Amino acid sequence: MISLNWVKDYINLDGIDLKKLAVKITKAGINVEKVITNHIDNLVVGKVLECVDHPNSDHLHICKVDIGTEVIQIVCGAPNVKENIKVIVALIGAILPGNFEIKKSVIRGVESYGMICSLSELALEDNTPENYAKGIYILPADIEIGSDPLSYFGLDDTIYDLDVHKHRNNDCYYHIGFAYEIASILNKKVKLPELSYNEIEDNINNHFSLKVDTNKCTYYLAKMVTGVKICESPKFIQNRLISAGMRPINNVVDISNYVMLEYGQPLHFFDKDKLGDKIIVRNATDCEKIITLDNKERILNEKDIVITDGQKPVCIAGVMGGLNTDVDENTSTILIESAIFDSVSIRNTASRLELKSEASIRYGKGLNYEYTKDAINRACHLLEKYANAKVLSGIVCYDNIDKKKKIVSFYPEEVNKMLGIEISKEDMANELDRLMFDYEFNDGKYVVTIPNRRLDIDPFVNDIAEEIGRLYGYENLNSSLPKGVYKKGGYIGDVKYKKIVSFRLRSLGLNECKTYTLVSPAMANLFNYENKEKVILPNPMSADKSIVRTTLIPSLLSVYDYNKSRKVNDILLYEISKTYDASYTEDIKITILMKGKYIFNSWQNSYIKCDFYVIKGIVQNLLDYLGLKNRYNFEKSSIKDLHPGISANIIVDRQIVGIIGKINPTINKDDIYVCEISLNKLIKNNIKPLKYKEASKYPDIEKDVAFIVKKDITSETISNQIKKSGGRLLSKINVFDLYNGENINTDEKSIAFKLTFSDNDRTLTEKEVMDIFENIITDVTENLDAKLRS
C-alpha cells in the first residue's frame, strides 16, 4: 500500500489527477491494482446546539445541529449525545460504507435530516457490540464546523494498492522509491526528507562494541539514543501507518516502522539496558532457542543468522526481535540497528519459521546500502523530535559490502534494435534524465551509472532498454507480424481440423466441454477398448488425478453426472482433446455424449429422444462434412463397457477409427449414448475439403405449393418430378408439411413444398417464374396423378 499523502512529502503532486496518474504508472510497468479513497460526500463536522428527549421514545433524542451553512434537525439514538459537543454528521445524500444512503426520514413522527455517526458506521472501527455501545464519536472542541471530519483522522488520503512484479525488487515497497517512480513518469524531481539531528558529547563507542562472525552480514550500523520518552505517536505518523496497513503502537516502535516504509530499510530498536554493552552477529547453532516478540519459542539451526549479546540470541536477524531486549514503557536508552543481511538466508529462515513480516520481505529482496545509513539518521532525527531523545555522537560500523558502481555502456542503435523502434539520441537522453540516471555521451556511445536504489537493474543493455522503453511508452512500440513460411489455408495440421470439427458439432447443437487430462485409477480402467498401456504419475497431486487418460469417455461421464445432479435432463456434449499412451504417443480424440432430447429444429422447437440412430446421424453428418461421404460404414461389434447389443465400430476406408454405442447398464442405467473417433486417423485418411457454391447476389423468389397424392407416392418421387420440370432456375426444394386429416381421402395424403427460384447472373421476373411454376404443377398433376390442394 502506498499513501499518496505521504508521497507528496517528496514530490509535488498539486493539480495531478491521481486516478489518471495510476493509469500512467500501470502503463509504465508498475501495476496499480486498486485506487482506494476514503472520501465521503456530504460528511461534515457539526455542533449539537440543542438536545431534547423524543416525546414518543424512551431512548431517542431530537437534536439541533449546526453544520456551518445551516442548522438542521436530526433524530439520534446514541446514549452519549448532548449539547455543545462536536460530532460527525452524514447529511442527506451521503453514502456510508455498506452502500447505506442517508435520506430524509420521519422517526416516530419527527422529521430527521441526517445522521450523527459513530466510528463503526464509517468503518473506522469494527462493528461489534462493544463499539456500538460507545455511541457516537465526539470530536475535539477546536475542530472547525463544516469541515471534513476524515481530515482529522488523516483519512483524506488516496492509497495505491500495488501488484509489484517480483523483478522490481524492493524499490516500490517504500514511499521514497515509489516517489522516484512517479517523478520519472511526470518528469519531476524528488525532495528527500530531513536527516539532521543534534549530537551530545558522549560517544556510542564508550558504551558499545560490535563483532560480526558471519559472512551473511555485510553491513551493520548502530547508533545510540538516551532520554527517550515513550508516548503516543504524532497523529500524522499514526495515520500514515494505518494507511499502509500497520497498527500504531507507540512513538518509538512507530518511528521504526515509519522509517522502514519511508526508506525500505528495516530497523531494529534494542532496549540498551537489557542488551548490555556488546553485540555479536553470527550464525545460530543447531537447536538454539529464542523467544521472539510474539512470545513464541523458536528453534533455530545453523543456517539462521542471530544477533547476540555475546552469550544468548537477542534477535533473529532480519526476521523478528527477541522478547528479552524489547522496547517497553520503561525504556529510556535505545540502540538502533540498521543492517544488511544475506537475502536468501532471510527468506529461508522466515519461510521455515513461518515468520513472514514486513521486515523479512524487504530483507529478502535486498537493500540499498546508501539508504541503510540514511534510515538510521532519519530515525535519530524523528526520535529527537518526537521522543525527546538525545543522540550520542559517533556510529558503530561494520562494512564489508561491495560498493562497486554498476556501469553499462551502449550505443543508441542497440536499444533501438531491442525495442524495434527508432528513438532519437535526444529522446533517449531525456528518458535517462527522467530516470535520474547519471550518464555521459561520448563518440556516439552512452555510459550510464545505475543508482544503487535500483537493485533490480543489472549492468546490461537489455535492462537499460527496458527502462527507456517503458518510459518512452510501450504504446509507441511499432506492431509487426512475425515472419515465416505458412501453409495456405490458415491453421496448420491438427489445429485446423480441430476447429473444423468443433464448429460443425456446435452447429449440430452440441456443447463443448474441457476436462482434465489426468484421471483416477477407476476412470482409467473404463473404456480401454484400444488396450493401451497408461502413464501413471510417480508423484501425483492427488489420487483422483494420477493417470494420464487414453480415452475421453469417462471424463464426459463425470460431466454428465455433475449436470444430472443439478437437474439438467438434456445433456449433449462433445470434447476434442489429446490422449497419451505409455510411450507418450499423442492421439486426438473426438468424443460425443448424448442423453435426453435432441432439438433438430430450433425454429419450431422440434425434438426427438436421443438414441443410437440420433448419435449415428451426428457422426454421419460430421464425416460427410469432412469429405468422407461413401467411404465409411458402421460394423456391429462387442466393445468393452458398451451395451453388447447396441455398439459398433466406425470404419473409414476399411480402418477402424472409432466406436459408437450405448453405455453398458452395469456402468450407468441411464440411456446414454457415446462415440469416440480418432482425429489422427481421420487426417491420415485424406480428408477432402468441401466444395462451396457462391451465393447469388440477386433476390430469390419463393413459391409454396401442396399436392394431394396417393399414400404410396413418396415425397422424393414428387421432388424428382419438380426438379425435372423446374429446370436450372429452380434452386431449392423443401418439404414443409405433411397432412392427411379432414377433406383428404383415407388413401391419400397432402405434401406441401417450398420452391426457391434464383439466378446468379440476373434478377428473375415474376412472369418467367410463374411460367415455370405452372409448368411444374401441370407435370406433377399429369405424371403422378396428383391434385393441386387449394
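Since the model is a prediction, treat every value here as computed from it, not as a measurement. (Residues numbered from 1 in each chain as written. Predicted model: local features only at pLDDT ≥ 70, side-chain atom pairs only at ≥ 80, totals over all residues. Heavy atoms only, no water.)

Visitor: Teacher, can you tell me more about the overall build of the protein here?
Guide: When its secondary structure is counted, the protein shows 21 helices and 45 strands. Projected onto its principal axes, the C-alpha coordinates of the protein cover approximately 130 × 80 × 65 Å. Long-range contacts, defined here as pairs at least 24 residues apart, represent 68% of the contacts in the protein between residues at least 6 apart. Charge centroids of the protein, computed over 103 positive and 110 negative side chains, lie 7 Å from each other. (Helix = DSSP H or I, 4+ residues; strand = E, 2+ residues; numbered from the N terminus. Contact = heavy atoms within 4.5 Å. Lys, Arg positive; Asp, Glu negative; His and termini not counted. Charge placed at Lys NZ, Arg CZ, Asp CG, Glu CD.)

Visitor: Would you take a moment to explain the pattern of salt bridges for this structure?
Guide: Pairing is possible between side chains that carry opposite charge, provided their charged atoms lie close to one another. Under the defined criterion, the tally for this structure stands at 40 salt bridges. Note that D544 and K545 form a salt bridge whose closest N and O atoms lie 3.6 Å from each other. The class for D544 is partly exposed, based on a relative accessible area of 41%. The residue D587 makes a salt bridge to K589 at a minimum N-O spacing of 3.9 Å. Take D587 and K589: they sit in the same class, and that class is buried. Salt bridges sharing partners connect three or more residues here, namely E181, R454, D456, E467 and R470. (Salt bridge = Lys/Arg side-chain N within 4 Å of Asp/Glu carboxyl O. Buried < 20%, exposed > 50% of the residue type's maximum accessible area, 1.4 Å probe, protein only.)

Visitor: Help me understand the packing of helix α2 (residues 18-27) against helix α5 (residues 175-186) in this model?
Guide: Between α2 and α5, the shortest axis-to-axis distance is 10 Å and the interhelical angle comes to 90 degrees. Judged on the interaxial angle alone, α5 and α2 are roughly perpendicular. For the pair α2 and α5, contact is made by L21, K24 and I25 and by F178, I182, I185 and L186, respectively. Here the contact of α2 with α5 is built from residues that sort into six nonpolar, no polar and one charged. (Axes fitted to C-alpha atoms, helices over the stretch in contact; angles between N-to-C directions. Parallel < 35°, antiparallel > 145°, perpendicular 65-115°, else oblique. Nonpolar A, V, L, I, M, F, W, Y, C, P; charged D, E, K, R; others polar.)

Visitor: Just checking my understanding: could you explain the sheet that holds strand β42 (residues 701-710) for this structure?
Guide: In sheet architecture, strand pairing relies on hydrogen bonds along the backbone and comes in two forms, parallel and antiparallel. Here we have four strands laid out as an open sheet, ordered β43-β44-β42-β45, and antiparallel in their pairing. Both edges of this open sheet fall to β43 (730-739) and β45 (787-788), since each of them pairs with a single strand only. Of the strands in this sheet, β42, β43, β44 (748-757) and β45 are in contact with helix α21 (residues 766-783), which crosses β42 at around 10 degrees. (Pairing = 2+ DSSP bridges.)

Visitor: Honestly, the nonpolar core in this entry has me stumped. Any pointers?
Guide: If you look at soluble globular proteins, the nonpolar side chains tend to sit buried side by side. Formed by 114 residues in total, the largest nonpolar core has its most connected members in Y160, F178, I182, Y220, I307, F341 and F410. Core analysis: the second largest hydrophobic core is formed by 35 residues, Y497, L505, L628 and Y673 among them. (Core = buried A, V, L, I, M, F, W, Y, C linked by side-chain atoms within 4.5 Å.)

Visitor: What is the right way to read unusual backbone geometry from this model?
Guide: Peptide bonds are trans in most cases, and residues, glycine excluded, mostly fall at negative phi. A positive phi angle, near 60 degrees, is found at M436, a position not held by glycine. Tracing the backbone through its elements, the reader meets M436 in the loop between α13 (425-435) and β28 (438-442).

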